[in-house]
Amino acid sequence: MESKNYHEDLSHIRSMMERSSRFISLSGLSGVVAGLAAIIGAVYVYFVFKREGIDYFDGDRNIFGPSLVKELIFIGTAILIVAILSGYLFTAHKSKKNGLKIWDATTKRLLVTFAVPLVTGGLFCLGLLYHHLFVFVAPATLIFYGLALVSAERYTLTDVKYLGYCQIILGLISLFVLGWGLLFWTIGFGVLHIVYGTIMHIKYK
């Protein structure tokens, strides 16, 4: 009987340590919503290309004018805002449901760890845009985003690193298949997020 209580106490202590050292309220549903937003955005971009007389799937290299580049940046920013907003709302709801604080020392460490590679990647992509090296933007965003996820794993659910690895691999592959950035973006930020979010929602429901 004492042995059983001892193991239960150890399990409880381990659980408390896990909750205090890791941000465990990330919602799988937020990943699904972010993925859907990315796919909708990609479809919209495809029709924007059609409007500009660009057939994305003909395999030709296309030159984007300044106005088109600005529109694409605007669409990407809108998708990012939707993803961040949905992530916050779903995560806040899950935190409240589980009786956990959404903003504490662990959350701050998570955000800093996640932001360093992400901000670095963002500035790197701005440099690519400045030099009109648009074809490298998609691989760079996937790779740096993947690095941010792998880096943040130490402060949140361990499973997030697997999504990060997939993003990095996808970004590296896209470096050798230049010109298909929209397709790789759709797979990385759309399909992978939906698959990951669904698995996480079922696993940590």
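Treat the numbers as computed from the prediction; the structure is a model and nothing was measured. (Residues numbered from 1 in each chain as written. Predicted model: local features only at pLDDT ≥ 70, side-chain atom pairs only at ≥ 80, totals over all residues. Heavy atoms only, no water.)

### Digging into the packing of aromatic side chains
Then, in step 1: Applying the stated criterion to the full structure yields five aromatic pairs.
Then, in step 2: Put simply, the rings of Phe114, Tyr145 and Phe189 pair up and form one aromatic cluster. (Phe/Tyr/Trp six-rings, centres within 6.5 Å; stacked < 30°, edge-to-face > 60°.)

### Concerning helix α6 (residues 160-175)
Then, in step 1: Counted at 1.5 Å a residue, the expected span for α6 with its 16 residues is 22 Å, and the 23 Å between its end C-alpha atoms agrees.
Then, in step 2: Among all positions of α6, only Val160, Lys161, Leu163, Gly164, Gln167, Ile168, Leu170, Gly171 and Ser174 are buried.
Then, in step 3: On its buried face, α6 sits against α5 (137-152) and α7 (181-203). (Helix = DSSP H or I, 4+ residues; strand = E, 2+ residues; numbered from the N terminus. Expected span 1.5 Å × (residues − 1). Buried < 20%, exposed > 50% of the residue type's maximum accessible area, 1.4 Å probe, protein only. Contact = heavy atoms within 4.5 Å.)

### Structural notes on the side chain of Thr113
Then, in step 1: Following the sequence through the fold, Thr113 ends up in helix α4 (residues 105-130).
Then, in step 2: A distance of 2.7 Å separates a polar side-chain atom of Thr113 from the backbone oxygen of Arg109.
Then, in step 3: Setting aside chain neighbours within four positions, we find Thr113 in contact with Ser151, Ala152, Arg154 and Tyr155. (Polar contact = N/O pair within 3.5 Å; in protein donor to acceptor, adjacent residues only side chain to side chain.)

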